[in-house]
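Spelled out from the first residue to the last, the chains are:
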Amino acid sequence: MVVVIVITVVVVVVVVAIVVVLVTLVVVVVVVLLVVAVVVVVVVVVVIVVVVRLVVVVILVVIVVGVMMVGWW
């Protein structure tokens, strides 16, 4: 009878340990994926802002140069 109780306790402890490890791994993976997603979104937003600024600057330079060329002619 004691052997059965010991085996049952060992099995329960092992199963609980495996479940805790799996839950911990899932939580870590989810947190890592969330961090990666946030970083990707931030990078994309920064790139879009930089590209929009560059396009605006290029358009302004083209307009100014065009006006100067027309005035020069």
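Below, the structure is looked at part by part. Just so you know, these numbers come straight off a predicted model, no measurement behind them. (Residues numbered from 1 in each chain as written. Predicted model: local features only at pLDDT ≥ 70, side-chain atom pairs only at ≥ 80, totals over all residues. Heavy atoms only, no water.)

The subject of this paragraph is the overall build of the chain. Scanning the chain from N- to C-terminus turns up one helix and zero strands. Rg of the C-alpha trace for the chain: 31 Å, well past the compact-globule value of 11 Å for 73 residues, more than 25% over. Expressed as a percentage of the 73 residues in the chain, the buried residues total 0%. Carbon together with sulfur atoms contributes 94% to the accessible area of the chain, which is approximately 6,500 Å² in total. (Helix = DSSP H or I, 4+ residues; strand = E, 2+ residues; numbered from the N terminus. Rg over C-alpha atoms; globule rule 2.2 N^0.38 Å. Buried < 20%, exposed > 50% of the residue type's maximum accessible area, 1.4 Å probe, protein only. Areas by Shrake-Rupley, 256 points an atom, 1.4 Å probe, with all protein chains shown as cover.)

Moving on: the environment of valine 46. The residue valine 46 is located in helix H1 (residues 2-72) in this model. Take valine 46: its relative accessible area is 46%, and that puts it in the partly exposed class. Distance from valine 46 to valine 28, taken between C-alpha atoms, is 27 Å for residues 18 residues apart in sequence.

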